[in-house]
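Structure at a glance
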Amino acid sequence: MMVLTVRKFTFFRIRHLLAMILSLAAVAAMSSGGGSSLNSSSPLDPFDSSTSWSLAEDPSNSSSEPVVRTLTPDFQPATTAVAIQEVNPWDIALCVTGTLISCENALVIAVLFYTPTLRAPMFILIGSLAVADLMAGLGLILNFVFTYLIDSSVEFVTLLSVGLLISAFSASVFNILAITVDRYLSLYNALTYHTERTVTFTYLMVLFIWVLCVTLGSLPALGWNCLRDESTCSILRPVTKINAVALAVTFLLVFAMMMQLYLQICKIAFRHAQQIAVQHQFVAISTTKGVSTLSAILCAFGACWLPFAMYSIVANSSYPAIYTYATVLPATCCSVINPIIYAFRNPDIQKSLWMACCGCFPSNLSLRPRTSSDV
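Read on for an overview of the structure. (Residues numbered from 1 in each chain as written. Predicted model: local features only at pLDDT ≥ 70, side-chain atom pairs only at ≥ 80, totals over all residues. Heavy atoms only, no water.)

Each helix and strand counted, the chain has ten helices and two strands in total. Its helices and strands in sequence order give the chain the pattern α-β-β-α-α-α-α-α-α-α-α-α, from N to C terminus. A burial count over the chain gives 39% of its 375 residues as buried. At a minimum sequence separation of 6, the contacts of the chain that also span at least 24 residues come to 72%. For the chain, the exposed area adds up to about 21,600 Å²; of that, 69% sits on carbon and sulfur atoms. (Helix = DSSP H or I, 4+ residues; strand = E, 2+ residues; numbered from the N terminus. Buried < 20%, exposed > 50% of the residue type's maximum accessible area, 1.4 Å probe, protein only. Contact = heavy atoms within 4.5 Å. Areas by Shrake-Rupley, 256 points an atom, 1.4 Å probe, with all protein chains shown as cover.)

Now the structure itself:
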């Protein structure tokens, strides 16, 4: 009887041992067979936070046998979803435009900086316009970086991006107005223009423009934003609807002043053409060319900025974003056109540019004196 009891006890011990071996083998198979939350090359870690362990009763046991509990893992796969932001083609177009703007205006600034003879008031204004457009191009590039490479939900990043863009594009528009005023004064006061208008006065006017534009760009950072109330946002977050309308109305006033000044310039040019009868044919041809040039300047400026200004007045943040992109992109293209109109068409800058391509910047370069109306 004792022998039978020992054999029976040994049999049950072997049976329990086999059950535990099979259980461990199943766990090993699950860990090496590509479980959803475990790496196939890593062993089962009992201290892994993603694996919870529970005591399961061995089903082979009967009620009369000792209870043997096996430790089995309860796998809870931890899925980590990585959100990959899709790049908007419009943002790519704006970034490419910003790169082109930066390259063009950097070239203009380099030519003006390394040519000592280009220090007349008109070239100071052209340089200020090139700096504004360069900042606008860099702002478009940084806006793309902030949107897709940096967490754009940070308020500081958003306010910095929009502040830079507002300051740069505002300075670009006001510098174009300053160049227009300079052209008008050079014709209206042709005899006294070079004595009354000095380089110091030009620098003061440029300084006033930049102080005004930097102030406009800092308004969102000073609290004039819609980060706390999304319902007040304009088509350009975080600029409020009121600020966007104010900027658009200011642009329309600038455009109206430019049209009035260019109209006065045309009248003065035709009056000079009538007064000089000896050179009537020459002056008529020159005047016609000048009028066509001014018309092209106004048409390009209006075609670039008017759609965006009008849309900023009537639209709000609930409008589809594609309309905003469709009006913003032409406005940024104005900074692509500005170097062509105001810098690369100037014979003196062309001459300096060709000499720069040859790798020489002679200090004794003699350029004929020109008035701002020739710009």
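That was the structure; now back to the text.
The next thing to look at is a nonpolar patch on the surface. On the surface, Val87, Ile92 and Val96 cluster together into a nonpolar patch covering about 230 Å² of accessible area. Along the chain, the position of Val96 falls in helix 2 (residues 89-114). Judged by its relative accessible area of 52%, Val96 falls in the exposed class. (Patch = residues over 30% accessible without salt bridge, like charges linked within 9 Å, V, L, I, M, F, W, Y side chains within 5 Å. Salt bridge = Lys/Arg side-chain N within 4 Å of Asp/Glu carboxyl O.)

Here the structure, examined in full by the defined rule, presents twelve aromatic pairs. Note on Phe251 and Phe301: the rings are 5.4 Å apart at their centroids and 40° apart in plane angle, and the pair reads as tilted. Of this pair, Phe251 sits in helix 7 (residues 241-275) while Phe301 is found in helix 8 (residues 280-314), placing the two residues 50 residues apart along the sequence. Ring geometry for Phe251 and Trp305: centres 5.7 Å apart, planes at 45°, overall tilted. With Phe251 in helix 7 and Trp305 in helix 8, this pair connects stretches of sequence that are 54 residues apart. What makes Trp305 buried here is its relative accessible area of 10%. (Phe/Tyr/Trp six-rings, centres within 6.5 Å; stacked < 30°, edge-to-face > 60°.)

With that settled, consider helix 6 (residues 199-218). With 20 residues, helix 6 should reach 28 Å at 1.5 Å per residue; the first-to-last C-alpha distance of 29 Å fits that figure. Where helix 6 is concerned, the buried positions are Thr202, Met205, Val206, Ile209, Trp210, Cys213 and Gly217. Summarising the axial view, the buried residues of helix 6 lie within an arc of 130°, below the 170-degree limit, and thus occupy one face. Every exposed residue of helix 6 that faces more than 90 degrees away from the buried side is listed here: Thr200, Leu204, Leu207 and Phe208. (Expected span 1.5 Å × (residues − 1). Arc of directions from axis to C-beta.)

This part is about the nonpolar core. Core analysis: the largest hydrophobic core is formed by 54 residues, its most contacted members being Met258, Tyr262, Phe301, Trp305 and Tyr342. Those elements that provide at least two residues to this core are helix 2, helix 3 (121-148), helix 4 (155-188), helix 6, helix 7, helix 8 and helix 9 (321-344). Setting aside residues no more than four positions away along its own chain, Trp305 makes contact with Phe169, Val173, Phe251, Ala331 and Cys334. One finds Val108, Leu118, Ala130 and Ile349 within the second-largest nonpolar core, a separate group that totals ten residues. (Core = buried A, V, L, I, M, F, W, Y, C linked by side-chain atoms within 4.5 Å.)

This part is about the environment of Thr332. As for its position among the elements, Thr332 is in helix 9. Thr332 gets classed as buried once you look at its relative accessible area, which sits at 2%. Taking C-alpha positions, Thr332 is 9.2 Å from Asp133, a pair spaced 199 residues apart along the chain. Thr332 has contacts with Leu94, Thr97, Ile101, Leu140 and Phe169, leaving out every residue within four places of it along the chain.

Where helix 3 contacts helix 6, the two axes come as close as 9 Å, and the packing angle between them is 20°. In terms of orientation, helix 3 lies roughly parallel with respect to helix 6. In terms of crossing hand, the pair formed by helix 3 and helix 6 is right-handed. Judged by residue contacts, Pro121, Ile124, Leu125, Ser128, Val131, Ala132 and Met135 of helix 3 engage Val199, Thr202, Tyr203, Met205, Val206 and Trp210 from helix 6. In terms of residue class, the contact of helix 3 with helix 6 is made up of eleven nonpolar, two polar and no charged. (Axes fitted to C-alpha atoms, helices over the stretch in contact; angles between N-to-C directions. Parallel < 35°, antiparallel > 145°, perpendicular 65-115°, else oblique. Left-handed = near helix turned anticlockwise from the far one by under 90°. Nonpolar A, V, L, I, M, F, W, Y, C, P; charged D, E, K, R; others polar.)

According to the stated counting rule, one finds one disulfide in the structure shown. One disulfide bridge connects Cys226 with Cys233, the sulfur atoms lying 1.9 Å from each other. Torsion about the S-S bond of the Cys226 and Cys233 cystine: about 95°, corresponding to right-handed handedness. For the pair formed by Cys226 and Cys233, the shared burial category is buried. (Disulfide = S-S within 2.5 Å.)

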